[in-house]
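# What the coordinates show
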Amino acid sequence: MHRLEVPAPHAPPFAVGTFDTIGPLSRADFPHRHTFHELVHVTGGTGTHVVDAARWPLRPPHLGVIAPGQVHQWADVRGLTGHVVVFTDDFLLDHPADRELLRRLSERPWLPLDDHADARVTRLIADLEDEYRRGGDGTESVLRALVHVLLVRAGRLLGTPSPAPAGAVASEFVRLAGRPGPGLWSVRAHAERLGVTPGHLTEAVKAATGRTAAQLLREARIREAQRFLLRTDLTVRQVASRVGFADPAYFCRFFRRETGLSPGGFRRGGEKHHD
């Protein structure tokens, strides 16, 4: 099971590059799975891509879509060229309905490209790679927007309609969860802000994103705590309070359960990275 390694604790859960720059695991010849989504734009090579025991011969150009948990491998491949785009579910926060589109695409994970489609995919991935390498203000939102366009166009190739926008309630919840404010750390608090019942909010978010409102809030809490730990001098007790925990000990247990590190250990790791 492969996990996405990011260059820093606060970096977006995203990477793009050639098969060579992403690394040898991007073309592993043994069955494996990963915890992230993977898009592969194959421009050259021979052999076979095996996804969940289905064999897809390489006749480039192709666009491949591998979902988290799918078992795949490259078999008898020679001269493989192209690009790989990888990202986690968390990266889709701005466009949560893309998760459903990715699920549909993963059911037919190997899309042949005609010359026009290949040129459009090539341009989009070139823009993604340039934005990823150069960085700058708003880079993460630009990357998310470009990935969204790439997925929608891939869906058109499949004949899959673009997913309907999430309901207004779910969309507003996702927006609020992505920019947490004081006191908005529970599903009930968000429901009250949005003028709906907690049950209605839970159902709307689940239908739109495929994930629970509580799960999204846990992840938002962790991201906010990580931001305070890396970018401020607040004590762990103060960070706990900022993210809605009256008991610092409970916050520490929550943080370790979600990240595998104590708050102090996470902060020390971030400091070492920046030294």
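Each remark here, short or long, concerns the structure printed above.
About the cut-offs
Residues numbered from 1 in each chain as written. Predicted model: local features only at pLDDT ≥ 70, side-chain atom pairs only at ≥ 80, totals over all residues. Heavy atoms only, no water. Helix = DSSP H or I, 4+ residues; strand = E, 2+ residues; numbered from the N terminus. Buried < 20%, exposed > 50% of the residue type's maximum accessible area, 1.4 Å probe, protein only. Contact = heavy atoms within 4.5 Å. Areas by Shrake-Rupley, 256 points an atom, 1.4 Å probe, with all protein chains shown as cover. Phe/Tyr/Trp six-rings, centres within 6.5 Å; stacked < 30°, edge-to-face > 60°. Salt bridge = Lys/Arg side-chain N within 4 Å of Asp/Glu carboxyl O. 1 Å grid on protein atoms, 1.4 Å probe; cavity = no way out; pocket = protein on both sides within 12 Å on 5 of 7 lines; lining within 4 Å. Points joined across faces, edges and corners; volume = space filled by probe spheres on them. Nonpolar A, V, L, I, M, F, W, Y, C, P; charged D, E, K, R; others polar. Pairing = 2+ DSSP bridges. Polar contact = N/O pair within 3.5 Å; in protein donor to acceptor, adjacent residues only side chain to side chain.

### Considering the overall build of the protein
Secondary structure summary: the protein contains 11 helices and six strands in total. Within the protein, the fraction of its 275 residues that count as buried is 47%. The long-range fraction of contacts in the protein, counting pairs at least 24 apart against all pairs at least 6 apart in sequence, stands at 71%. Accessible surface, the protein as shown: approximately 13,900 Å² in total, 51% of it carbon and sulfur.

### As for the packing of aromatic side chains
Both the distance between ring centres and the angle between the ring planes are used here to describe each pair of aromatic rings. Enumeration over the complete set of coordinates arrives at 10 aromatic pairs. Relative to Y132, the ring of F14 has its centre 5.5 Å away and its plane inclined at 70°; by these criteria the two rings are edge-to-face. Here Y132 lies in helix 3 (residues 115-134) and F14 lies in strand 1 (residues 14-18), a separation of 118 residues in the sequence. The exposure class assigned to F14 is buried, which follows from its relative accessible area of 1%. Given a relative accessible area of 23%, Y132 falls into the partly exposed group. Ring plane angle 55° and centroid distance 5.9 Å describe the contact between F251 and F255, whose orientation is recorded as tilted. A residue pair is termed a helical-turn pair when its members lie 3 or 4 positions apart in one helix, as F251 and F255 do in helix 10 (residues 248-259) at four residues. We note that F251, like F255, is buried.

### Quick notes on the pattern of salt bridges
Tallying each qualifying case throughout the model produces nine salt bridges. One salt bridge connects R211 with D90, and the closest N-O pair in it is separated by 3.6 Å. Of this pair, R211 sits in the loop between helix 7 (198-209) and helix 8 (213-231) while D90 is found in the loop between strand 5 (72-87) and helix 2 (98-106), placing the two residues 121 residues apart along the sequence. For D90, a relative accessible area of 31% translates into the label partly exposed. For R134, the salt bridge goes to D130, with nearest N and O atoms at 2.6 Å. Remark: D130 and R134 occur in helix 3; sequence separation between them is four residues, near one turn of the helix. A relative accessible area of 68% places R134 in the exposed class. Because the salt bridges share partners, they merge into one network encompassing D90, R211 and E219.

### Regarding empty space enclosed by the protein
Counted under the stated rule, the structure contains one cavity of 30 Å³ or more. Counted as a void, the largest cavity has a volume near 50 Å³. For the largest cavity, the full set of lining residues is D90, L93, A177, R211, L216, E219 and R223. Considering every element that reaches the lining of the largest cavity, the biggest residue donor is helix 8, with three residues. Partitioned by chemical class, the residues of the lining of the largest cavity number three nonpolar, no polar and four charged.

### A look at the pairing of strand 5
With five bridges connecting them, strand 1 and strand 5 associate as antiparallel partners. Bridge pairing links V16 to V85 in strand 5. As judged from the 12 bridges shared by strand 2 (residues 37-51) and strand 5, these two strands associate in the antiparallel manner. When the sheet's bridge partners are listed, H49 is paired in strand 5 with W74.

### Let's talk about the side chain of R99
Among the secondary structure elements, R99 is positioned in helix 2. Exposure remark for R99: the relative accessible area of 10% places this residue in the buried category. Separated by 2.9 Å, the side chain of R99 and the backbone oxygen of D89 make a polar contact. With sequence-adjacent residues up to four places away left out, R99 is seen in contact with D89, L92, L93, T209 and R211.

### Examining unusual backbone geometry
For residues other than glycine, phi is negative in most cases, and the peptide bonds are mostly trans. With an omega dihedral of 5°, the bond running from P60 to P61 counts as a cis peptide bond. Checked against the element boundaries, P61 lands in the loop between strand 3 (54-57) and strand 4 (62-66). In this structure, D76 is a non-glycine residue whose phi angle is positive, near 55°. Here D76 falls in the exposed class, since its relative accessible area comes to 63%.

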